[in-house]
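Fold and contact review
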Amino acid sequence: MIQLIRGFKDILPDETPTWQHIEKTATALFQAFGFSEIRLPIVEKAELFQRSIGENTDIVEKEMYTFPGSKAELITLRPEATASVVRSYIQQKLYAKEPVQKLYTIGPMFRRERPQKGRYRQFYQINAEVFGIASPYIDAQLIFMLWSLFERLKIGGLSVQLNSLGCPACRPAFKGALSSLLASKTDDLCSDCVRRLDKNPLRVLDCKVPACQEAIREAPSMIDFLCDDCTGHFDAVKSALHSQKIPFALNPRLVRGLDYYTRTAFEIQTDALGAQNAIAGGGRYDMLVKMLDGPDQPAIGFAIGLDRLAALMMQTAPEKELTPELFIAALGEETRDITFEWSCALALEGVRTEIDFSGKSLKALMKRANRIGAAHVLIVGGAEIESGAVVVRNMATKEQKTIPIDGVVNHIKTYLAT
RNA sequence: GUGGGUGUAGCUCAGUUGGUAGAGCACCUGGUUGUGGCCCAGGAUGCCGUGGGUUCAAGUCCCAUCACUCACCCCA
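The structure reproduced in this document is the subject of the present report.

What follows is about the side chain of Ser 164. Assignment of secondary structure puts Ser 164 in strand β7 (residues 158-164). From its side chain, Ser 164 meets the backbone nitrogen of Gly 166 in a polar contact 3.4 Å long. In this structure Ser 164 touches Met 222, Leu 226, Phe 234, Arg 263 and Thr 264, once residues within four positions along its chain are discounted.

Set out below in structure tokens:
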């Protein structure tokens, strides 16, 4: 038996209605906020991710599916979507038509991590990105939109974590202060953090090893180092969130794993999903468009982890699978042709119809109709054909009615509508 | 990459000090010549994850390996 690859999964029919519900709710909401869909390839040049995400991140160092696309070029299964959206914004010169672009996209991402609950090697995200708006109001609106989505999906137990990562004007001072503090405590840090020290000292802040937590107790907070502009921006975001009654928690430990983030960083967390508690995360990335050879345009975005969101919904409010409205129980060979025609015609009329060709006993057919949740059964045997009328049975009430064969499709539609 | 747990019927699981495999649910047939759920009777179902070893004999003991899973790491 051939099995699927480690870390990959099938999303089966018992779960797809929930996925569809999430996607429909999200896209309707995003469109109401002025977002348009963009569809992008799932492979890009490896260089795109190396330059945007950052060479010394775990993703680029060891988690990307990268392979030769031609003799001279490495291509990569995208580990995230933002880089591709930015690439498209630049390459297609969307900014020339209109610098402000609000875009969303849905699709699979790939990272070669060790799988666990809520973490797969192919996982799905809904991304929303806004280009060309520097105002803190858009930061707040994005978080508001995200929060509204979870409200519409009736998901509780969530918290909004908020932080500011500063900008090129103020982050270096913070990094320096943090680095020198950490350097003095090297002996207390775990081996991972020692390695992070010179590569990405910010990451030490959210290390979960107790010894490291202890070591960074007196660590400086980015918020204390923010320059005037960043402070003003951050304050404006917070007050806009307050005015919209979004509950949020300041979290100085919230550090984005990707290099390109600046200023506002946020995450939506749940307590119901084990260790992988982030179901959405995002932030501002004002430098990235320029870094990738585009115009100097600010940007902000977020990604929702669809797999995790779907897992949450399955626990609380799963969408039900569609069941047949009508099950056609055709008895005997002589009824096969006519019932086959009816089943096709009914389906075209929008009636969810199931027909059984197996020729089993009526008892067996009724059993199957019951099992698959059919609301009504149309019983068609030789006797019915002769008498010119078929029987339709309501499975819940056991009520049965006869319906003339002449114009049967319309008769059934009318019957089902009542 | 590192650590823990688990692999036996479609599903959930039991399996004694080693003696060649079971239950419940689900499925099929019948009890009802053409009527589902409840009930009753009967029936089918397993390379016991895989490979090797010990033994007269291995689901059970030993070694290896793979898969699943949870956690670390990292993140959605």
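Still more ground to cover, so stick around.
This part takes up helix α6 (residues 136-152). Note on helix geometry: an α-helix contains 3.6 residues per turn, so any two residues three or four positions apart are oriented the same way. Across its 17 residues, α6 extends 24 Å between first and last C-alpha, which sits within 8% of the 24 Å expected from 1.5 Å per residue. In terms of burial, α6 is a largely internal element, twelve of the 17 residues being buried. Among all positions of α6, only Pro 136, Ile 138, Asp 139, Ala 140, Leu 142, Ile 143, Met 145, Leu 146, Trp 147, Ser 148, Leu 149 and Phe 150 are buried. N-cap assignment for α6: the residue whose side-chain oxygen lies 3.0 Å from the backbone N of Tyr 137 is Ser 135. Downstream of α6 by one or two residues, Lys 154 has phi in the positive range, about 60°.

A few words on the sheet that holds strand β4 (residues 73-77). Here we have three strands laid out as an open sheet, ordered β2-β4-β3, and antiparallel in their pairing. Only two strands of the sheet have a single partner each, and these edge strands are β2 (43-45) and β3 (65-70). On average, each strand axis in the sheet is inclined to that of its neighbour by 40°, with strand direction left out of account. Against the sheet, helix α2 (residues 46-53) engages β2, β3 and β4, with an angle of about 75° to β2.

Ordered by their spatial adjacency, eight strands build an open sheet running β1-β5-β6-β11-β10-β9-β7-β8, and the pairing between neighbours is mixed. Sheet topology places β1 (36-37) and β8 (248-250) at the edges, where each strand pairs with a single neighbour. Bridge count between β7 and β8: three bridges; the pairing is parallel. Bridged to Val 160 within β8 is Phe 248. Strands β5 (101-110), β6 (122-131) and β11 (299-305) of the sheet are contacted by helix α1 (residues 16-32), whose axis makes an angle of about 160° with β5. α6 contacts β5, β6, β7, β9 (262-270), β10 (278-284) and β11 of the sheet and is inclined by roughly 15° relative to β11.

Viewed as axis vectors pointing N to C, α6 and helix α11 (residues 228-243) meet at an angle of 40°, and their least axial separation amounts to 8 Å. When the axes of α6 and α11 are compared, the pair comes out oblique. Here the hand of the crossing between α6 and α11 comes out right-handed. Every residue of α11 that contacts α6 at Pro 136, Tyr 137, Asp 139, Ala 140 and Ile 143 is listed here: His 233, Ala 236, Val 237, Ala 240 and Leu 241.

On to the environment of Pro 247, then. Relative to the elements of secondary structure, Pro 247 occurs in the loop between α11 and β8. The spacing of Pro 247 and Gly 54 is 193 residues in sequence and 32 Å in space, taken between C-alpha atoms. Once residues within four sequence positions are removed from consideration, Pro 247 is found in contact with Trp 147 and Val 160.

Conventions adopted
- Residues numbered from 1 in each chain as written.
- Chains lettered and ligands numbered in written order.
- Predicted model: local features only at pLDDT ≥ 70, side-chain atom pairs only at ≥ 80, totals over all residues.
- Heavy atoms only, no water.
- Helix = DSSP H or I, 4+ residues; strand = E, 2+ residues; numbered from the N terminus.
- Polar contact = N/O pair within 3.5 Å; in protein donor to acceptor, adjacent residues only side chain to side chain.
- Contact = heavy atoms within 4.5 Å.
- Expected span 1.5 Å × (residues − 1).
- Buried < 20%, exposed > 50% of the residue type's maximum accessible area, 1.4 Å probe, protein only.
- Pairing = 2+ DSSP bridges.
- Axes fitted to C-alpha atoms, helices over the stretch in contact; angles between N-to-C directions.
- Parallel < 35°, antiparallel > 145°, perpendicular 65-115°, else oblique.
- Left-handed = near helix turned anticlockwise from the far one by under 90°.

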